[in-house]
Each structure stands twice: as structure tokens, then as C-alpha cells.
Amino acid sequence: MSHSITIKKVKELCENRKLNLTPSRSKIMSALIDQKKPKTAYEILEHIHKKDSSAKPATIYRALDFLCTNGFAHRIETDNTYIACDGEENPHVAQFLICLKCKKAIEFHSHKATTEISKRANQEGFKITEEILEARAVSLSDLPDPQKDEDRAKDPEWLVMLGVCTHLGCVPLNDKG
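Basis of the calculations
Residues numbered from 1 in each chain as written. Predicted model: local features only at pLDDT ≥ 70, side-chain atom pairs only at ≥ 80, totals over all residues. Heavy atoms only, no water. Helix = DSSP H or I, 4+ residues; strand = E, 2+ residues; numbered from the N terminus. Buried < 20%, exposed > 50% of the residue type's maximum accessible area, 1.4 Å probe, protein only. Contact = heavy atoms within 4.5 Å. Areas by Shrake-Rupley, 256 points an atom, 1.4 Å probe, with all protein chains shown as cover. Pairing = 2+ DSSP bridges. Axes fitted to C-alpha atoms, helices over the stretch in contact; angles between N-to-C directions. Core = buried A, V, L, I, M, F, W, Y, C linked by side-chain atoms within 4.5 Å.

K.L.:
Residue-level account of the overall build of the chain, with values.
P.N.:
Within the chain, the regular secondary structure consists of 6 helices and 5 strands. Reading the secondary structure of the chain in the N-to-C direction produces α-α-α-α-β-β-β-β-α-β-α. Scored against the burial criterion, the 177 residues of the chain give a buried share of 28%. Here the contacts in the chain between residues at least 6 apart in sequence split such that 49% fall between residues at least 24 apart. By element, 53% of the accessible surface of the chain is carried by carbon and sulfur atoms, the whole surface being about 12,600 Å².

Pasting the structure below:
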């Protein structure tokens, strides 16, 4: 994932917002910016240990909390990984496409998706307190039958992306599309 955010920009935003970007927070943000795909806290710790063997898990988690709370990073809920924000300076809901094979995550922002979710929540008597939208995907070129979704769908409003048969006669083939 290419990031438009830089550590220089994070430092500038922290200064403007009167936030304390400590040296350890700065190192961890730099590590997130350098990563090509989302990383767990312990993978980030391993990366940090290459330069600073005194770093502890609690330091990493506190820094990640600060970075996520202030919009510099995102936590990908389904696999408990972290990734640098793509550079949006204003608070936003990020959606992610996550490759099942290489684990690469692509951040995007769809106001239409968030509006639809909010509208439905309202209809059902809910108030959204936290919105997380993550879609697992695989490259079409990796599929044995690389049809686009619109070519597979009879009714474009509904498309089953993954179905797993649970009766005892089936043997699902992992990663076979």
C-alpha cells in the first residue's frame, strides 16, 4: 500500500493539534508507514527491535492506541493488525479491501456505503458507535475461473461471495476459489 502520509506530516499535524508525538510513537508510526501490508503489534515490535531492543509490547500497544485514536493509523479488526492511514487529515471511516493471499490492504472511502449503513441502522432503531468495513478479496488473476462479479450475478443487488457447505459429505478445498 502506498501511503500519502509521511512522518513529517504526522509531526506537523501533532504540533497543530497540540498532541504529544513521543519518540517511541514516532518510531512506531514510521514502522507503519514503511510496511507494505498490515502488521500485528508483535510484528511491529520485531521491526522496532532491529533498532531498539529495549522496546516492550506495552509501549507498542499504547503508541498504536494513540495513533489510531488520532487518525494516523487504523486497526483492521478481523485479524487484529494495524496500518498507517492513507493520508486523510480529517476524521473518516475507512473501508478496506484485504487480499486473502498476500494480505495487502487497500484503504478507500465510500460515503455511499457509510450512508447506507447509517440509514439502515436508523430504520432498525440503532445508533452507529463504531463503523468497520473490511472485505476479504482475491485477485481475479488468482482464481481458477476469473469471472467478474457482474458476470456471475443474475440479480446485481444480491451476490453470494462465499458459501461453505456444512453437511458431512463435502470436503471444502482451501484457497481454490
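The rest of the description comes next.
K.L.:
Now, about the side chain of Ser26: what can you tell me, with residues and values included?
P.N.:
Checked against the element boundaries, Ser26 lands in helix α2 (residues 23-34). Dropping the residues within four chain positions of it, Ser26 is found in contact with Ile7, Lys11 and Leu21.

K.L.:
Describe the sheet that holds strand β3 (residues 95-99), with residues and values.
P.N.:
Taken in spatial order, the 3 strands make up an open sheet running β4-β3-β5, and their pairing is mixed. In this open sheet, the two edge strands, each paired with only one partner strand, are β4 (105-108) and β5 (133-137). Going across the sheet, the axis of each strand differs from the next one's by a mean of 20°, ignoring polarity. Relative to β4, β3 is paired through 4 bridges, and the arrangement is antiparallel. Across the sheet, the residue bridging to Ile98 is Ala105, located in β4.

K.L.:
An account of the nonpolar core is needed here, citing residue identities and associated values.
P.N.:
Formed by 24 residues in total, the largest nonpolar core has its most connected members in Ile28, Met29, Leu32, Ile44, Ile60, Leu64 and Leu67. Elements with a contribution of two residues or more to this core: α1 (7-17), α2, α3 (41-49), α4 (57-69) and β2 (81-84). Apart from residues no more than four positions distant in its own chain, Ile44 is found in contact with Ile28, Ala31, Leu32, Lys39, Ile60, Leu64 and Tyr82. Core analysis: the second largest hydrophobic core is formed by 6 residues, Ala94, Phe96, Ile98 and Ala105 among them.

K.L.:
Could you give me a rundown of unusual backbone geometry, with the residues and numbers involved?
P.N.:
At Lys18, a position not held by glycine, the phi torsion is positive, near 60°. Of note, Lys18 is situated in the loop between α1 and α2. What makes Lys18 exposed here is its relative accessible area of 75%.

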